[in-house]
Amino acid sequence: MVRRLAWLHAGLGFNKNRKKIVDTRKQHPMPKSPFPLSALFIATISFCCLYRPGIALAQDDAAAYGVQDFNRRDPYKSVNKAIFSFNLKVDKAVLRPVERQYAKLPHVVRHGVDNFMKNLTEPLNFVNGVLQLSPRVAMTAAGRFFLNTTFGIAGFRDYAGTKGFEYEDEGFSKTLARYGVGEGDYVVLPVIGPSTVRGTVGMIADYIIDPVGWVATTPENVAIGTATAVNDRYQNNDAIDEFYYQSIAPYTMTRAAYLQHQAFNKN
Amino acid sequence: MKTSKTLLFALALALSAPTLANAATPSACEAFSTTMTSRILGIFHNKAETQDQKQEALAQLFQEAVDTNWIGKFALGPYWRTAPQTERKAYLDTFRDYLTNIYISKFHAKTAMDITNIKLLSIVPRQDNLIFVKSVIMRKPGFGNTQVNYILKQTPHSCQVHDIRVAGVSLLVTLRSEFGAAASASGVKGVIAQMKSRLAANE
């Protein structure tokens, strides 16, 4: 948009210069005047610019409300869109039906599973707290893990939360952000969904450094992964349904919401 | 993201619309921000009403408090200017129903009951008669809190909600992106048709 505005300004500036050229030509007539062609060129460029949607954006108060051009963050759009379509099919065929069945379980069970899954991420939160050189984050994660694993009946109850130690999701992506690493471009990962370059790197690093992953056997890791997928789909059900099935432009809406949320959360 | 459920709740921050009438000063808008929280909590925690009754009340008050016409125009951005009058009217009528239906239909009584308080963090009047409000929705221990910011527009005769930002996700920015893409692909007529299609599917 800025570039287009610059073009427009350049066009207007050229217009002024053109007057000078015309004046000069009056004194020194040329056999063939470039004026009609220049005028036509400028008029065409100006007309096109003025009626381009991007230019019109600058005319309202879009900036005051923080409107952004998310296309700039999405250089792999065609690939991302293809993966998004695939994810939509996977969600429709597998995740959504499973989530609907899961939602029929009693609230206490679903809440317990959510607590249990969160408790399993506390060792990873602790590691990232250490890497962030944040004693508060590390100690909160360690304290929560101890309290919830013991008094919280293996993590099914968020005992620490009732004592004021709220859960904090501290992935490696957040650790990278802490050290000033930018989010990078927007990417859509198969099955997993929207992410960024930093988010993808962070997710791989989390997989490697997660202490639970070291201790658990392969079948246990598969079970944890499956339970996490179902629980996450349930926890984010309203947002996913809204973005995937109720939006009139699912891909664009998901991207806009995700990038805004990431910028806010810095993870 | 607990965005969606919270967004619903945040949208309902507009519930005290009647108090907004003739609220033409920043202080009146500030008063609106402080009083609406208790009113919303009252509706959410009202055990005498059924979920359907609450949804209906929310939808009605939402339309009064939120400037859906302005949001609709903003969402369409440059495509609004080139749309014929007939399309504009049809678009705004459908948009109002679409926005209300999509968000209010997500009202979950259980989720609302988890909310214990809405704490106002700051109310800052800024340029163009915009008032930026920061708040946090507080839930029962273990359920997590969510930051909700919203923008009020102060006009000579009223004060209306222009944007709601739940956990950093702006309703306005997201709609602008979504509707811009849809209008670019299929025009305003196409946007209207898609909204109607979603509304029909939601019923």
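Keep in mind the model is a prediction, meaning the values are calculated, not measured.

Throughout the structure, instances matching the rule amount to 16 aromatic pairs over all chains. Judged by centre distance (6.2 Å) and plane angle (55°), the rings of Trp80(B) and Tyr91(B) are tilted. In this pair, Trp80(B) is assigned in helix H5 (residues 78-82) and Tyr91(B) in helix H6 (residues 85-104), connecting sequence segments 11 residues apart. A single burial state applies to Trp80(B) and to Tyr91(B), both of which are buried. Here Phe95(B) and Phe179(B) contribute two aromatic rings whose centre-to-centre distance is 5.5 Å and whose plane-to-plane angle is 80°, an arrangement assigned as edge-to-face. Within this pair, whereas Phe95(B) is found in helix H6, its partner Phe179(B) is found in helix H8 (residues 171-202), the two being separated by 84 residues in sequence. With a relative accessible area of 1%, Phe95(B) lands in the buried category. Lying over the aromatic face of Tyr245(A), Arg96(A) brings its terminal NZ or CZ to 3.9 Å of the ring centre. Looking at Arg176(B), its charged tip hangs above the ring of Phe74(B), at a distance of 4.6 Å from the centre.

Right, let's talk about the packing of helix H5 (residues 107-131) of chain A against helix H6 (residues 135-150) of chain A for a bit. Residue and element names in this part refer to chain A. Two elements in contact, H5 and H6, have axes whose closest approach is 7 Å; the angle formed by their N-to-C orientations is 160°. If you check the angle between H5 and H6, you find them roughly antiparallel. Of the two elements, H5 crosses H6, and the hand of that crossing is left-handed. Where H5 approaches H6, its residues Asn119, Glu122, Pro123, Asn125, Phe126, Gly129 and Val130 are matched on the opposing element by Val137, Ala138, Ala141, Ala142, Arg144, Phe145, Asn148 and Thr149. For the contact of H5 with H6, the per-class residue count stands at 8 nonpolar, 5 polar and 2 charged.

Conventions adopted
Residues numbered from 1 in each chain as written. Chains lettered and ligands numbered in written order. Predicted model: local features only at pLDDT ≥ 70, side-chain atom pairs only at ≥ 80, totals over all residues. Heavy atoms only, no water. Phe/Tyr/Trp six-rings, centres within 6.5 Å; stacked < 30°, edge-to-face > 60°. Helix = DSSP H or I, 4+ residues; strand = E, 2+ residues; numbered from the N terminus. Buried < 20%, exposed > 50% of the residue type's maximum accessible area, 1.4 Å probe, protein only. Lys NZ or Arg CZ within 6 Å of the ring centre and 35° of its normal. Axes fitted to C-alpha atoms, helices over the stretch in contact; angles between N-to-C directions. Parallel < 35°, antiparallel > 145°, perpendicular 65-115°, else oblique. Left-handed = near helix turned anticlockwise from the far one by under 90°. Contact = heavy atoms within 4.5 Å. Nonpolar A, V, L, I, M, F, W, Y, C, P; charged D, E, K, R; others polar.

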